[in-house]
Amino acid sequence: MYTIYGFIHPKPEYQKEVERLLTDLITPTRSEAGSLIYNLHKQADGTLFMYEAWESKAALDLHHQTPHMLAFFADFGSRTDVLLQSDIESYVSERVLGG
């Protein structure tokens, strides 16, 4: 199992837009083969916390090639300097055998 988690710090004036861009990914991503968990959380200070779990690295790689993710990367990815206060803190981990 592969997990990805990260912290996203939107600029206050773009908070709602960033939340919308990310929540638009939830339904299509949860329906993908290999998607185990795909959740977005919001902290009191507006920081967004994304948590994903995938059956395998192959499933995660396929996810990154879906039409909704490619569109997201083209839009959001090209505007992170405008939308966000800082770089996204993201981490990828692989489940330890027996864990």
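Relevant structure appears above.
Section: the sheet that holds strand β2 (residues 35-42)
Reading across from one edge, β2-β3-β1-β4 is the order of the 4 strands in this open sheet, with antiparallel pairing throughout. The open sheet is flanked by β2 and β4 (89-94), the only strands paired with a single partner. Strand-to-strand, the axes of this sheet are offset by a mean angle of 10°, without reference to chain direction. Both strand β1 (residues 2-8) and strand β3 (residues 48-54) contribute to a ladder of 7 bridges, which runs antiparallel.

Thoughts on the pattern of salt bridges
One pass over the full model with this rule turns up 5 salt bridges. Two residues, Glu17 and Arg79, come together in a salt bridge whose shortest N-O distance is 2.8 Å. Taken together, the positions of Glu17 in helix α1 (residues 15-23) and Arg79 in the loop between α4 (67-75) and α5 (80-83) put the pair 62 residues apart, joining distant regions of the chain. Taken together, the shared-partner salt bridges in this structure form one network comprising Glu17, Asp75 and Arg79.

A look at the nonpolar core
As a rule of thumb, nonpolar side chains are buried together in soluble globular proteins. Ranked by size, the top nonpolar core spans 18 residues in total, and within it Val18, Leu22, Tyr38, Phe72 and Phe76 carry the most contacts. Of all elements in the fold, only β1, α1, β3, α3 (57-63) and α4 reach the threshold of two or more residues within this core. When neighbours within four sequence positions are excluded, Val18 is seen to be in contact with Ile8, Pro10, Leu48, Phe76, Leu83 and Leu84.

Quick notes on the rules
- Within each chain, residue numbers correspond to sequence positions counted from 1 in written order.
- With the structure being a predicted model, the display of local features is reserved for residues of pLDDT at least 70 and the display and counting of side-chain atom pairs for 80 or more, all residues being used for whole-chain, interface and lining totals.
- To get the side-chain values, all heavy atoms of the structure are used, and hydrogens and water are removed first.
- Here, a strand pair is defined by DSSP locating no fewer than two bridges between the strands.
- Strands are runs of DSSP state E lasting at least 2 residues, helices are runs of H or I lasting at least 4, and numbering of each runs from the N terminus.
- Each axis is a line fitted through C-alpha atoms, taken for helices only over the stretch in contact, and angles between the N-to-C directions span 0 to 180 degrees.
- Between Lys or Arg on one side and Asp or Glu on the other, a salt bridge is scored when a side-chain nitrogen of the former is within 4 Å of a carboxyl oxygen of the latter.
- To define a nonpolar core, start from buried Ala, Val, Leu, Ile, Met, Phe, Trp, Tyr and Cys residues and group those joined through side-chain atoms within 4.5 Å.
- Buried residues are those whose accessible area, probed at 1.4 Å on protein chains only, stays under 20% of the maximum for their type, while exposed residues exceed 50% and partly exposed ones sit between those limits.
- Here a residue-residue contact requires only that any non-hydrogen atoms of the pair lie within 4.5 Å.

Note that every value here comes from positions in space, so none of it alone points to a role or purpose.
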